[in-house]
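Descriptive structure summary
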Amino acid sequence: MDPRARLTRDIVRLILAAALLSAPVFLFAEEFDREHILRVAASNGVTAVLCAGLLALLRRGSVEPVARGLVLGLFTLVGVLAWTNGEDVHVNVINFVLVTLLASVLLGRASLLAVGALSAAEMCAIAWRTARAAPGEELTEARFESIAQFLPTFAVVVLVLWLHSANRSKRELAPSDDRH
């Protein structure tokens, strides 16, 4: 198995294990009601089914579709959960960072920037929708303040990953020096 296929397989397996092992933790981490149980079962179940399907596809040698499917599937899941959970956007930033990191590791630089831009846009939309004004504060001000708390740092993360991928590409293209 080539190194990229092995890395993709290992990441998909890791995410599958995380989906299966974290489900009980999520069940008891918050209110134990019907809606919460269904939400955990759906999100972790969708992740597990996605990963199982991607592993089957990977066995046939389809590395690129598996890598894209994992990033797109997780981006969609994270986006839907973040949009519908009613929580402040800041609770979900780490999930968007994870998807962006996966895009950096598994896909090319253009995909990394696309995932980063889409993640930033979705987080800004969630922040705009969920921000609450403090007493004496205007809602628009609260919205921009919420966005300013995560967007610059997220942008730096995306750009660091982008710069790293550029350097990684240059190292892979450079002739090796085996004289050491």
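Just so you know, the residues in each chain are numbered from 1, in the order the chain's sequence is written. The predicted nature of this model means local features are confined to residues of pLDDT at least 70 and side-chain atom pairs, given and counted, to a pLDDT of 80 or more, with totals for whole chains, interfaces and linings taken over all residues. Water and hydrogen atoms play no part in the side-chain values, which are based on all heavy atoms of the structure.

A count of helices and strands for the chain gives six helices and zero strands. Secondary structure elements are taken from DSSP: a helix is a run of H or I of four residues or more, a strand is a run of E of two residues or more, and numbering for both begins at the N terminus. When the helices and strands of the chain are listed from N to C terminus, the series reads α-α-α-α-α-α. The principal-axis extent of the C-alpha atoms belonging to the chain is close to 65 × 35 × 25 Å. Of all 180 residues assigned to the chain, the portion counted as buried reaches 36%. Only heavy atoms enter the contact rule, under which two residues are in contact if any of them lie within 4.5 Å. Considering only residue pairs separated by 6 or more positions, the chain has 66% of its internal contacts joining residues 24 or more positions apart. In this description, accessible areas are obtained by the Shrake-Rupley approach with a 1.4 Å probe, and a residue is regarded as covered only by the protein chains that are shown. Total accessible area on the chain stands at roughly 10,800 Å², and carbon and sulfur atoms take up 66% of it. Neither His nor the chain ends contribute to the count of charged residues, in which Lys and Arg are positive and Asp and Glu negative. Working definition for charges: the position is that of NZ of Lys, CZ of Arg, CG of Asp or CD of Glu. Between the centroid of the 17 positive side chains of the chain and the centroid of its 17 negative side chains there is a distance of 12 Å. With a 1.4 Å probe rolled over the protein chains alone, any residue whose accessible area is under 20% of its type maximum counts as buried; one over 50% counts as exposed, and the rest are partly exposed.

To obtain an axis, a line is fitted to C-alpha atoms, over the contacting stretch when the element is a helix, and the angle between two such axes runs from 0 to 180 degrees between their N-to-C directions. Axis separation between helix 4 (residues 93–106) and helix 5 (residues 109–130) bottoms out at 8 Å; the angle between their running directions is 170°. When the interaxial angle is binned, helix 4 and helix 5 end up roughly antiparallel. Both helix 4 and helix 5 take part in a crossing whose hand is right-handed. For the pair helix 4 and helix 5, the contacting residues are Val93, Phe96, Val99, Thr100, Ala103 and Ser104 in the first and Ser111, Leu112, Val115, Gly116, Ser119, Glu122 and Met123 in the second. Among the residues making up the contact of helix 4 with helix 5, the classes are represented as seven nonpolar, five polar and one charged. For classification purposes, an angle smaller than 35 degrees is called roughly parallel, one larger than 145 roughly antiparallel, one from 65 to 115 roughly perpendicular, and anything else oblique. Two helices crossing with the near one rotated counterclockwise from the far one by less than a right angle form a left-handed crossing, whereas a clockwise rotation gives a right-handed crossing. All residues other than Ala, Val, Leu, Ile, Met, Phe, Trp, Tyr, Cys, Pro, Asp, Glu, Lys and Arg, Gly among them, are scored as polar; the first ten of these are nonpolar and the last four charged.

Moving on, we come to the nonpolar core. Of all hydrophobic cores here, the largest spans 37 residues; its most connected members are Leu70 and Phe150. When residues in this core are grouped by element, the largest group, nine residues, is from helix 3 (residues 63–84). Apart from residues no more than four positions distant in its own chain, Phe150 is found in contact with Val89, His90, Val93, Met123, Cys124 and Ala127. Here, nonpolar core refers to any group of buried Ala, Val, Leu, Ile, Met, Phe, Trp, Tyr and Cys residues whose side-chain atoms link them within 4.5 Å.

As a further point, take a nonpolar patch on the surface. Together, Leu7, Leu98, Leu101 and Val105 give the surface a local cluster of nonpolar side chains, amounting to about 290 Å² of exposed area. At three residues, the largest contribution of residues to the nonpolar patch is made by helix 4. Checked against the element boundaries, Val105 lands in helix 4. Patches here are clusters of residues that have more than 30% relative accessible area and form no salt bridge, with a 9 Å joining cutoff for like charges and a 5 Å cutoff for nonpolar side chains (Val, Leu, Ile, Met, Phe, Trp, Tyr). Think of a salt bridge as a Lys or Arg side-chain nitrogen and an Asp or Glu carboxyl oxygen that are within 4 Å of each other.

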